[in-house]
Amino acid sequence: VFKYLGWMMAQDDDDIQAVRSQLQKAHATWAQVGQVLHSENVMPFVDTRFYQAIVQAILLYGNETWVLTRTALARFEGFHIRAAYRMAKEHKPKRGSGNVWIYPRSEDVLRECGMKTMEEYVQI
């Protein structure tokens, strides 16, 4: 694995390093942007617009050239769902009995935030 023009390249044409790199960049950006949005207590659809314009643009930058495996797509989807949980007001994870977290269905959270699955965004 080596860096070429700012991109992580692998000799075996595996793009998982590029995926990890973009996830790290998106996570750092979402930590900053999400903190501001959360402190302002904005509606989920407003959060979604900022997420799509800033974070998702960073996350998917260059994906046209990647060979996305199911594993890589699952990593993107996990990040995407965690971001949606943070934006949601109604469908938030709750702590149940015995300190066990109860997570609402991903479809409900995405619908509340006005988002699609990551697979749908990548295919567009």
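Above this text sits the structure in question.
Think of each chain on its own: its residues are numbered from 1, step by step along the sequence as written. In keeping with the model being predicted, local features are shown solely for residues with a pLDDT of at least 70 and side-chain atom pairs are shown and tallied solely at 80 or more, while totals for entire chains, interfaces and linings include all residues. Just so you know, side-chain values use all the structure's heavy atoms and leave hydrogens and water out.

Enquirer: Report on the packing of helix α2 (residues 44-59) against helix α3 (residues 70-87), specifying residues and quantitative values.
Expert: In contact at an axis separation of 10 Å, α2 and α3 are set at 155 degrees when each is read in the N-to-C sense. Classified by the interaxial angle, the pair formed by α2 and α3 is roughly antiparallel. Like other packed secondary-structure pairs, α2 and α3 cross with a definite hand, here right-handed. Taken together, the residues of α3 that come into contact with α2 (itself represented by P44, D47, T48, Y51, V55, Q56 and L59) are F76, F79, H80, A83 and M87. Residues are grouped as follows: Ala, Val, Leu, Ile, Met, Phe, Trp, Tyr, Cys and Pro are nonpolar; Asp, Glu, Lys and Arg are charged; all remaining types, including Gly, are polar. The class makeup of the residues in the contact of α2 with α3 is eight nonpolar, three polar and one charged. Helix axes are fitted only over the stretch in contact, all axes being lines through C-alpha atoms; the angle between N-to-C directions runs from 0 to 180 degrees. Each helix is a run of H or I in the DSSP string that is no shorter than four residues. Each strand is a run of E no shorter than two, and both are numbered from the N terminus. An angle below 35 degrees is read as roughly parallel, one above 145 as roughly antiparallel, one from 65 to 115 as roughly perpendicular, and any other as oblique. With the far helix as reference, a near helix turned anticlockwise by less than a right angle produces a left-handed crossing, and one turned clockwise produces a right-handed crossing. Contacts: residue pairs with any heavy atoms within 4.5 Å of one another.

Enquirer: Any chance you could break down helix α4 (residues 106-113) for me, citing the residues and the numbers?
Expert: Burial here depends on accessible area, computed with a 1.4 Å probe over protein chains only, as a share of the maximum for the residue type. Under 20% is buried, over 50% is exposed, and the range in between is partly exposed. Every buried residue belonging to α4 is among D108, V109, L110 and C113, and all of these are buried. Buried positions along α4 lie against α2 and α3. G114 lies just past α4 and shows a positive phi near 75 degrees.

Enquirer: Lay out the packing of aromatic side chains in plain terms, naming residues and giving numbers.
Expert: Each aromatic pair joins two rings of Phe, Tyr and Trp (for Trp, the six-membered one) with centres within 6.5 Å, and gets the label stacked for planes under 30 degrees apart, edge-to-face for over 60, and tilted for any other angle. Here the structure, examined in full by the defined rule, presents two aromatic pairs. A centroid spacing of 5.4 Å and a plane angle of 80 degrees characterise the contact between W30 and Y51, whose relative ring orientation is edge-to-face. Here W30 is found in helix α1 (residues 16-40), whereas its partner Y51 is found in helix α2, with 21 residues between them in sequence. The residues W30 and Y51 share a single accessibility class, namely buried. The interplanar angle of 50 degrees and the centroid separation of 5.5 Å between the aromatic rings of Y85 and Y103 together place this pair among those described as tilted.

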